[in-house]
Amino acid sequence: MPKREPTALELALKEERLAAYARVRGGYSVPLAGTVFWLGLGGLGYFTDIVGWVKIAFPATGLIFPLAIFFGWALKNPWLKDKNATMSLLPPVMISMLLFWVFIVAAIKEAPALIPLILAVGMSFHWPAIGWSYGRSALFTAHAVVRALACLYIFMAYPDHRLTWLPFSVAAVYLATVIAIYVDSGLVARRLAR
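For the structure given in this document, a descriptive report is provided here. Fair warning: this is a prediction, and the values are worked out from it, not measured in the lab.

Another point: the overall build of the protein. Along its length, the protein carries ten helices and zero strands. Its helices and strands taken in sequence order, the protein reads α-α-α-α-α-α-α-α-α-α from the N to the C terminus. Its C-alpha radius of gyration of 18 Å places the protein within 12% of the 16 Å reference for a compact globule of 194 residues. When each of the 194 residues of the protein is scored for burial, the buried share is 43%. Considering only residue pairs separated by 6 or more positions, the protein has 77% of its internal contacts joining residues 24 or more positions apart. A total of about 10,800 Å² of accessible surface is found on the protein, and carbon and sulfur atoms cover 73% of it. Of note, the protein has its 17 positive side-chain charges centred 6 Å away from the centre of its 9 negative side-chain charges.

Next comes the structure, spelled out in structure tokens:
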């Protein structure tokens, strides 16, 4: 079967997505906020049990967005102010991601030990779609897949470290992603400027 050529609309949308990615440097201040959040949860794991961890982790998820706004302001990364053709994708993507909380609520009663794994993986469900919105599906999807596999491995192989190593692994994946996004978005910006 011959490969289908992209339509003019598809090409224009791809160009718009990449331009948005370059303008806001991939919104790297958002995953930077995620790095800080997960580092905090990993540190917390050394001082509390699953009940104490959950009592702080759940409300603390609400700090990620304000922290991302702060980092955006402090680093002059205007990701929140940018307007592009894919902005209407964000609300359904975020709603889809937030549906993982159904599993969290069930796990509270039935299997509390699963909560760190569900939280770590569930909070990455939107990454592939966000990557698509920037024209960088592979990079953002890689974040979600590596994160899920690392968390599952630690969860299964090192159960005593579910509250420490597991969140630290998420923070490490975030930090690697911040670096990759920053470098890649700079390369895209230079290419588009030609």
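Here the narrative resumes.
This paragraph deals with the pattern of salt bridges. With the rule as written, the count across this model stands at four salt bridges. In this structure, Arg4 and Glu10 form a salt bridge, with 2.8 Å as the shortest nitrogen-oxygen distance. Arg4 gets classed as exposed once you look at its relative accessible area, which sits at 54%. Among the ionic pairs, Arg23 bridges to Glu16, the shortest N-O distance being 3.8 Å. You can call Glu16 partly exposed: its relative accessible area is 24%.

There is a patch of like positive charges on the surface, built from Lys14, Arg190, Arg191 and Arg194. Tracing the chain through its elements places Lys14 in helix H1 (residues 8–23).

Let us now look at the layout of surface pockets. The calculated volume of the largest pocket comes to roughly 820 Å³. For the lining of the largest pocket, the elements supplying multiple residues, two or more each, are helix H2 (29–44), helix H4 (64–74), helix H5 (90–98), helix H8 (127–133) and helix H10 (165–193). Element by element, the count of residues in the lining of the largest pocket is highest for H5, at four residues. Within the lining of the largest pocket, the residues separate by chemical class into 22 nonpolar, nine polar and one charged.

Here we take up a nonpolar patch on the surface. On the surface, a nonpolar cluster with roughly 630 Å² of combined accessible area is contributed by Tyr46, Phe47, Tyr153, Tyr158 and Trp165. Residue placement: Tyr153 occurs in helix H9 (residues 137–157).

Right, let's get into the packing of aromatic side chains. Tallying each qualifying case throughout the model produces 16 aromatic pairs. An angle of 70° between the planes, with centres 6.4 Å apart, marks the rings of Tyr21 and Phe140 as edge-to-face. On the criterion of sequence distance, the pair formed by Tyr21 in helix H1 and Phe140 in helix H9 is long-range, its members being 119 residues apart. Under the relative-accessibility criterion, Tyr21 is labelled buried at 0%. Consider the rings of Phe70 and Phe71, whose centres lie 5.8 Å apart with planes at 50°: the pair is tilted.

When two helices pack together, their arrangement is given by the angle between the helix axes and the distance between those axes. Running from amino to carboxyl end, H2 crosses H10 at an angle of 160°, the nearest separation of the two axes being 8 Å. On the basis of the axis angle, H2 is roughly antiparallel to H10. Like other packed secondary-structure pairs, H2 and H10 cross with a definite hand, here left-handed. Residues Pro31, Leu32, Gly34, Thr35, Trp38, Leu39, Leu41, Gly42 and Gly43 of H2 form the contact with H10, whose participating residues are Pro167, Phe168, Val170, Ala171, Tyr174, Leu175, Val178 and Ile181. Here the residues of the contact of H2 with H10 sort into 13 nonpolar, four polar and no charged.

Moving on: the nonpolar core. Of all hydrophobic cores here, the largest spans 48 residues; its most connected members are Trp38, Leu41, Trp53 and Leu119. No other element matches H10, which puts seven residues into this core. Once you skip the residues sitting within four places of it in the chain, Trp53 turns out to touch Leu41, Leu44, Gly45, Thr48, Ile115, Pro116, Leu119, Leu163 and Pro167.

Calculation rules
- Residues numbered from 1 in each chain as written.
- Predicted model: local features only at pLDDT ≥ 70, side-chain atom pairs only at ≥ 80, totals over all residues.
- Heavy atoms only, no water.
- Helix = DSSP H or I, 4+ residues; strand = E, 2+ residues; numbered from the N terminus.
- Rg over C-alpha atoms; globule rule 2.2 N^0.38 Å.
- Buried < 20%, exposed > 50% of the residue type's maximum accessible area, 1.4 Å probe, protein only.
- Contact = heavy atoms within 4.5 Å.
- Areas by Shrake-Rupley, 256 points an atom, 1.4 Å probe, with all protein chains shown as cover.
- Lys, Arg positive; Asp, Glu negative; His and termini not counted.
- Charge placed at Lys NZ, Arg CZ, Asp CG, Glu CD.
- Salt bridge = Lys/Arg side-chain N within 4 Å of Asp/Glu carboxyl O.
- Patch = residues over 30% accessible without salt bridge, like charges linked within 9 Å, V, L, I, M, F, W, Y side chains within 5 Å.
- 1 Å grid on protein atoms, 1.4 Å probe; cavity = no way out; pocket = protein on both sides within 12 Å on 5 of 7 lines; lining within 4 Å.
- Points joined across faces, edges and corners; volume = space filled by probe spheres on them.
- Nonpolar A, V, L, I, M, F, W, Y, C, P; charged D, E, K, R; others polar.
- Phe/Tyr/Trp six-rings, centres within 6.5 Å; stacked < 30°, edge-to-face > 60°.
- Axes fitted to C-alpha atoms, helices over the stretch in contact; angles between N-to-C directions.
- Parallel < 35°, antiparallel > 145°, perpendicular 65-115°, else oblique.
- Left-handed = near helix turned anticlockwise from the far one by under 90°.
- Core = buried A, V, L, I, M, F, W, Y, C linked by side-chain atoms within 4.5 Å.

Such coordinate-based values are descriptive only and should not be taken to indicate function.
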